[in-house]
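# Observations on the model geometry
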Amino acid sequence: MAALPSSIHVHLLLPMYKDEPISFNKPKFQYRPIVNKLDLAHKVVDEIPQPKAYAWNQLIQTHLSNNHPHNALSVYHGMMLRGIRPDHHTLPRVLTASRLCSNLAFGKQVHAHAFKFGFSSDLYVITALIELYGRLHAVETAKWVLDNAPTSNSVARTILAKLYLVDNKPHLAIEIFNQMLRLKADIDPVALVTAAGTCSLLKSLQQARKVHQIARECGLEFHLLVSNSLMKMYIDCDSLEEARSLFDAMPSRDLISWTEMIQGHVKNGGYNEALKLFRLMTKARIKPDSLTVTSILPACARVPAHKQGKELHAYLFRNGIDMNPTVQNAFMDMYVKSGFIELASNVFTSMVERDIISWTIMISGYSLHGQGAQGLGLFLEMEQDSSLEIDEFTYAAVLHACVTACRVDVGMSYFDRIKAPTVTHCVLMVALLARAGLFNDARTFIKEHQIENRVEVLRALLDGCRIHQQVTMGKRIVEQLCELEPLNAENYVLLSNWYAENAKWDMVDKLKTTIKDMGLKPKRAYSWIEFRNKVHVFGTGDVSHPRSEMIHWKLQHLMKKMEEEGGGDRPSSIFSFHDVDEERECILIGHCEMLAISFGLISTRERATVRVTKNLRVCGSCHDFTKAISKIVQREIIIKDPNCFHHFKNGHCSCGDLW
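Throughout this document, residue positions are counted from 1 along each chain, in the order its sequence is written. Since the coordinates come from a predicted model, pLDDT governs what is reported: local features require at least 70, and pairs of side-chain atoms require 80 or more to be given and counted, while whole-chain, interface and lining totals use all residues. By convention in this description, side-chain values take in all heavy atoms of the structure and omit both hydrogens and water.

An unreviewed UniProt entry lists the chain under the name DYW domain-containing protein, with Gossypium armourianum as the source organism.

Shown next, in the form of structure tokens:
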């Protein structure tokens, strides 16, 4: 047998069993008394004149089962003091106890006992040693044990592969699996699960298909544990189709199967399919747990899917499913993103325990809904809890609240508290300064933090230019964006809008030709609204909807009423990311958000809130028109665009017109 590595030398020159009891260093802990039947068991064993190893083994195993590994080591120490010879069941349990106690020194001594008593070739001892050294020393030491063992099996190799995964070495883990195949070792479900986990880390679809084929050949493809692991493996390797094919073929599915598949669809943006799967799961009378709920909620975190989110919340209450802080945080996040800040606030208020994530979601939610002042107030309240450690995400949320509330002084104060500001924090500070019109301060800040060529920073500056109508500066920024991102069509759209606003139509035409020649496709503006479980989508100038005539009539009626009451000037849309020239070609009432709002007004009951989503920033003219509409019809109108939620009510908007 090869020499032991110097780092794990063990004392092999121990006293012979027949001459005197085995002695070794006593562990640095004492037996912890447990006042129950176990005490009686100890007393009985102590009173037996010559108890066999079996009795001691049972005591050791009981302590392990009760999660008291220190006591298990104390029992073994007492066993040695009484000269009781361990058997092949004793040492694996003691090695496990040493590992659970993180006592490598004691484990090395037990390793010596394995040599002394002739158990060094026992498979159970070998696997326990592999896990001990792999967890407490190094995976290379565990491999040394396996390589030098006189015998081994697939269990030992699988444990080594798992240790490689823990050590973030999936390429070595998959090599162990391939070695098992070459040696024609028995492949059990645990080996396949480990191999599938390895493929997930490697993101290797080719290797994943090979593992699936091995599972099929071994007749274990539909072993539930294996099937679930293979399904997750395909999802992690970005092959949702193969994962779904396996899921559909499974003869039986448990909660893990459904949850994995739901997570896979949500991860790939298949929100409707994820919701459909959730309904099928509950129909099959499989009760979701907190992980399932938090997996499906992102599918509900959209304005059109808010009803499903509410129904899910009610389902949890009806069925008594655990509403732990993780689930409550997920519901808050869902309500924030689907446009129900009040419901999110209700969940937050009802929470018995709040972690830093709870506060961050709520602060960020208020900002997203244009209520930055409330977000700042919440942060001040949070600071009173000394047990909470403010992290970079919370600071980002509070800086966003400062931007929304336009509180430069407060924002600077909070930024100075951050020990290591990230680019996100810096971008938010630029946005705050630009929104307040402090462009010189913004330029100084950008130079100090060396973030001049970050596109996020330039877009934050551009937002300030749009608000304060800094046309010349805005044009320079757009030209810089075109240089930094020559293949981003939206930058050319911005520049085209500038030329269109200034009636330089020859340059507009030239840019259109450039965009076409480069094969770029600018985004078209779309808005959509949900009504009676159906999503209605509108494009600019859209006349394809069955109720198109009524939609346009309603808008013309509102436009006339607004003019009678004295409508204001329409703001410039010069720095919009959608093609303003496209929208310029049709009248205001043909803009997509106006069509969606009108459909909502004619389709829903009086006083009901109208909720619309737009894929691009709300048009400036539409923003003012919607304010007027909300006052005329006495309804709340909510428009969600990529930047924030606009709550229009009684002629006002939550964004304070700084959208």
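## A look at the pattern of salt bridges
Salt bridges are identified by distance alone: a Lys or Arg side-chain nitrogen within 4 Å of an Asp or Glu carboxyl oxygen. One pass over the structure, following the stated rule, counts 22 salt bridges. Notably, a salt bridge pairs Asp147 with Lys143, separated by 2.7 Å at the nearest N-O pair. Residue Asp147 and its partner Lys143 are located together in helix α7 (residues 139-147), separated by four residues, close to a single helical turn. Burial classes: relative accessible area under 20% of the type maximum marks a residue as buried, over 50% as exposed, and values in between as partly exposed (1.4 Å probe, protein chains only). For Lys143, a relative accessible area of 30% corresponds to the partly exposed category. Between Glu383 and Arg417 there is a salt bridge whose closest N-O contact spans 2.3 Å. Here Glu383, found in the loop between α21 (372-382) and α22 (392-405), pairs with Arg417, found in helix α23 (residues 408-417); they are 34 residues apart in sequence, far enough to count as distant. Here Glu383 falls in the partly exposed class, since its relative accessible area comes to 29%. Segments assigned H or I by DSSP are reported as helices when at least four residues long, segments assigned E as strands when at least two residues long, and all are numbered from the N terminus.

## Observations regarding the packing of helix α4 (residues 90-100) against helix α6 (residues 123-136)
Between α4 and α6, the shortest axis-to-axis distance is 9 Å and the interhelical angle comes to 10°. With respect to their mutual orientation, α4 and α6 come out roughly parallel. Contacts from Leu91, Pro92, Leu95, Ser98 and Arg99 in α4 reach Tyr124, Val125, Ala128, Leu129, Glu131, Leu132, Arg135 and Leu136 in α6. With axes taken as lines fitted to C-alpha atoms, and helix axes fitted only over the stretch in contact, angles between N-to-C directions fall between 0 and 180 degrees. Throughout, the term roughly parallel applies to angles under 35 degrees, roughly antiparallel to angles over 145, roughly perpendicular to angles from 65 to 115, and oblique to all others. Residues count as neighbours in contact if any of their non-hydrogen atoms are within 4.5 Å of one another.

## Description of the UniProt feature "repeat: PPR" (unreviewed entry) in the chain
UniProt positions are given in the numbering used here, feature names are shortened, and annotations may be inferred rather than shown by experiment. Mapped onto the present numbering, the UniProt feature "repeat: PPR" (unreviewed entry) falls on residues 52-86 and 254-288. Between the C-alpha atoms that bound residues 52-86 there is a distance of 9 Å. The span itself is 74% helix and 0% strand. For residues 254-288, the helix share is 74%, the strand share is 0%, and the end-to-end C-alpha distance is 10 Å.

## Observations concerning the sheet that holds strand β5 (residues 645-649)
One requirement defines pairing of two strands: DSSP has to find at least two bridges between them. Taken together, the six strands give an open sheet; going across it, the order is β2-β1-β3-β4-β5-β6, and neighbouring strands pair in mixed fashion. Looking at the sheet topology across the chains shown, the edges are occupied by β2 (534-539) and β6 (652-653). Examined bridge by bridge, strand β3 (residues 610-614) and strand β4 (residues 637-640) share four bridges and lie parallel to one another. Its bridge partner lying in β4, Val612 is registered against Ile639.

## A word on the packing of aromatic side chains
Any Phe, Tyr or Trp ring, taking Trp's six-membered ring, that has another such ring centre within 6.5 Å forms a pair; planes under 30 degrees apart are called stacked, those over 60 apart edge-to-face, and the others tilted. Applying the stated criterion across every chain yields a total of 11 aromatic pairs. Aromatic side chains Phe379 and Tyr395 sit 6.4 Å apart centroid to centroid with 50° between the ring planes, which places their arrangement in the tilted category. Here Phe379, found in helix α21, pairs with Tyr395, found in helix α22; they are 16 residues apart in sequence, far enough to count as distant. Ring pairs connect the aromatic residues Phe379, Tyr395 and Tyr414, which therefore count as one cluster. Two thresholds decide whether a charge sits over a ring: the Lys NZ or Arg CZ must be within 6 Å of the ring centre and within 35 degrees of the ring normal. The side chain of Lys640 reaches across the aromatic face of Phe645, ending 5.7 Å from its centre.

## Here's the deal with the pairing of β4
A crossover connection joins β3 to the parallel β4 through helix α33 (residues 620-633); in handedness this β-α-β unit is right-handed. As paired strands, β4 and β5 are joined by four bridges and run antiparallel to one another. Residue pairing in the sheet places Ile637 in a bridge with Phe648 of β5. Connecting β4 to the antiparallel partner β5 that follows it, the hairpin turn spans four residues. If the strands point away from the viewer and the path from the first strand over the helix to the second runs clockwise, then the crossover is right-handed.

## What about α4?
α4 sits mainly inside the fold: nine of its 11 residues count as buried. Taken as a whole, α4 has its buried residues at Thr90, Leu91, Pro92, Arg93, Val94, Leu95, Ala97, Ser98 and Arg99. Residues of α4 that are buried sit in contact with α2 (53-65), α3 (69-81), α5 (104-116) and α6. Ser102, located one to two residues past α4, shows a positive phi value of around 55°.

## Looking at the nonpolar core
The term nonpolar core refers to a set of buried residues drawn from Ala, Val, Leu, Ile, Met, Phe, Trp, Tyr and Cys, joined through side-chain atoms within 4.5 Å. Judged by nonpolar contacts, the single largest core of 165 residues is most densely connected at Tyr76, Ile130, Leu192 and Phe331. In terms of residue count, the dominant contributor to this core is helix α24 (residues 423-435) (nine residues). Boundaries of every domain are those given by an automatic assignment or by a domain database. Viewed by domain, this core spans two of them, domain 1 (421-472) and domain 2 (485-522), each represented by three or more residues. Apart from residues no more than four positions distant in its own chain, Phe331 is found in contact with Val293, Leu297, Gly309, Leu312, His313, Leu316 and Met323.

## Quick notes on unusual backbone geometry
With a phi angle near 55°, Ser102 is a residue other than glycine that sits in the positive phi range. Its place among the elements puts Ser102 in the loop between α4 and α5. Phi angles above zero are rare outside glycine, and Lys203 is one such case at about 55°. If you trace the backbone, Lys203 turns up in the loop between α10 (189-202) and α11 (205-217).

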